[in-house]
Amino acid sequence: MVVRSEIDLREKLHTYHKQLGIHTLDYQSPISGMQFQGEFNVSGYHREVQQLVDGSFWGIDRCLRLQEEVDGYHSNVFHMGIYAKGTSSSDSNPLESGHFKQFQSSILDQFIDLLTSLGIDPKNLEATYLERFDIGGQSSVGRDRALKRTYRFQTDNISKLQLEYRGVPCYPLRSIQNIDIHPFEMSLVGPRVEVARNGVEFATIVYDCFRIHDGELMPTNYIGGYALGVERLFSTLNEGKEFIEIFDRYSAALEKLAFYVPVARSQLHKTDALTILFGAEALLQIRGVTSISRGQKKTLAKFKKKLDIARQNLGLSEEEFNAIVDFYQLV
């Protein structure tokens with residue numbers, strides 16, 4: 001199947017889910033919502049996913065990650081396609097439940113069928129799944145720091161077997177990278193699968209069955225699904241080309257930047273150029289926001305400092321940088 005543009009890709013994603021009778025969300029979350037402490041909207045339809053019980057939905061949300069380290073495939077502003085499915089099922093030991101294993105299989109099958117509908121051969125994908133891993137307790141230093149004691153997650157054999165059956169090359173990973181967890185009260189927790197194609201990681205599959213409550217993992221109703229980075233997926237459909245090559249808004253903004261500072265085209269200053277291009281787009285998204293929390297103000301201040309360093313590295317004036325921000329309104 002030929003996917004001619006990002007708009008064409010969005011339409012095909014919507015069509016696939018509508019044909020399955022899945023409810024489509026036709027709005028986007030506020031950029032400055034309070035879903036994440038000190039952050040902007042870093043994950044699509046977070047509140048809707050957290051509250052899901054019985055049913056499912058699909059939608060494409062706008063996200064803004066100011067702390068993202070940019071490169072050819074990671075911009076500050078991006079769009080995340082979200083399929084989420086919730087059930088009322090709950091078990092005292094969900095990871096050993098047959099119902100939960102069926103839940104995992106149904107989500108993973110639908111995900112691979114979706115990619116197949118776009119002309120992607122599962123054999124050309126790569127995936128990682130969770131190998132037995134302990135989280136929480138005294139060793140907590142990252143996303144599991146909210147847990148007071150240690151929990152052991154067994155190897156996600158359902159994903160392993162399902163991926164192998166569908167022909168997807170897959171690898172076990174003994175790391176928190178394959179556990180869906182955030183250090184917030186009532187945050188959802190469960191195994192997850194990371195998926196890449198043409199060297200670009202573009203999707204995450206999650207199977208949540210716990211919530212964090214008062215530092216403990218408490219079994220909850222099953223909530224799972226997949227998240228697709230729309231821009232990254234479009235890149236994989238274009239032989240892994242970088243964003244600057246396949247999105248008109250970025251290539252046009254680079255032309256503008258290189259007019260001011262030709263060194264922006266040099267590989268020696270590629271990171272600085274991408275920092276400016278992606279950062280200017282992010283500032284435009286924030287410009288109309290009227291309510292920003294104290295934590296978000298701190299995050300924004302750090303972000304602007306990083307942009308200022310990149311600007312000085314390129315020899316770009318403040319006036320020229322502001323012109324790049326304004327330019328995004330026109331492309």
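Residues numbered from 1 in each chain as written. Predicted model: local features only at pLDDT ≥ 70, side-chain atom pairs only at ≥ 80, totals over all residues. Heavy atoms only, no water.

## Points about helix α10 (residues 318-327)
Listed in full, the buried residues belonging to α10 are F321, I324, V325 and F327. Angular distribution of buried residues about the axis of α10 spans 165 degrees; they occupy a single face of the element. Taken together, the buried residues of α10 touch α7 (248-260), α8 (270-287) and α9 (294-314). (Buried < 20%, exposed > 50% of the residue type's maximum accessible area, 1.4 Å probe, protein only. Helix = DSSP H or I, 4+ residues; strand = E, 2+ residues; numbered from the N terminus. Arc of directions from axis to C-beta. Contact = heavy atoms within 4.5 Å.)

## Focus on the pattern of salt bridges
Overall, the coordinates contain 19 salt bridges when judged by the stated rule. With a shortest N-O distance of 3.5 Å, R249 and E231 are connected by a salt bridge. Linking R249 in helix α7 with E231 in helix α5 (residues 230-236), this pair joins segments that are 18 residues apart in sequence. E231 gets classed as buried once you look at its relative accessible area, which sits at 2%. Connected through shared salt-bridge partners, E6, R10, E231, R249 and E281 make up one network. (Salt bridge = Lys/Arg side-chain N within 4 Å of Asp/Glu carboxyl O.)

## Observations concerning the packing of α8 against α9
Two elements in contact, α8 and α9, have axes whose closest approach is 9 Å; the angle formed by their N-to-C orientations is 140 degrees. Taken together, α8 and α9 sit at an angle that is classed as oblique. Along this stretch, α8 crosses α9, giving a crossing that reads as left-handed. The residues of α9 that touch α8, namely those facing D272, A273, T275, I276, G279, A282, L283 and I286, are L300, F303, K304, K306, L307, A310, R311, N313 and L314. Residue classes in the contact of α8 with α9 are distributed as 10 nonpolar, 3 polar and 4 charged. (Axes fitted to C-alpha atoms, helices over the stretch in contact; angles between N-to-C directions. Parallel < 35°, antiparallel > 145°, perpendicular 65-115°, else oblique. Left-handed = near helix turned anticlockwise from the far one by under 90°. Nonpolar A, V, L, I, M, F, W, Y, C, P; charged D, E, K, R; others polar.)

## Some words on the packing of aromatic side chains
One pass over the full model with this rule turns up 15 aromatic pairs. Considering the side-chain rings of F111 and Y226, the 5.4 Å spacing of their centres and the 55 degrees angle between planes classify their relative orientation as tilted. Of the two residues, F111 is situated in helix α3 (residues 98-117) and Y226 in strand β11 (residues 216-229); the sequence distance between them amounts to 115 residues. Residues F111 and Y226 agree in their burial class; the two are buried. With a centroid separation of 5.5 Å and an interplanar angle of 80 degrees, the aromatic rings of F243 and F247 are classed as edge-to-face. Overall, F247 belongs to the buried group, its relative accessible area being 4%. (Phe/Tyr/Trp six-rings, centres within 6.5 Å; stacked < 30°, edge-to-face > 60°.)

## Notes on unusual backbone geometry
The bulk of non-glycine residues show a negative phi, and the bulk of peptide bonds are trans. A positive phi angle, close to 70 degrees, is found at M186, a residue other than glycine. Considering the arrangement of structural elements, one finds M186 in the loop between β8 (179-180) and β9 (188-197). Take M186: its relative accessible area is 37%, and that puts it in the partly exposed class. The phi torsion at E239 lies on the positive side, around 60 degrees, for a residue other than glycine. Considering the arrangement of structural elements, one finds E239 in the loop between α5 and α6 (243-246).

## Overview of the environment of L284
Locating L284 in the fold gives a position in helix α8. Judged by its relative accessible area of 16%, L284 is buried. In this structure the C-alpha to C-alpha distance between L284 and V325, which are 41 residues apart in sequence, comes to 6.1 Å.

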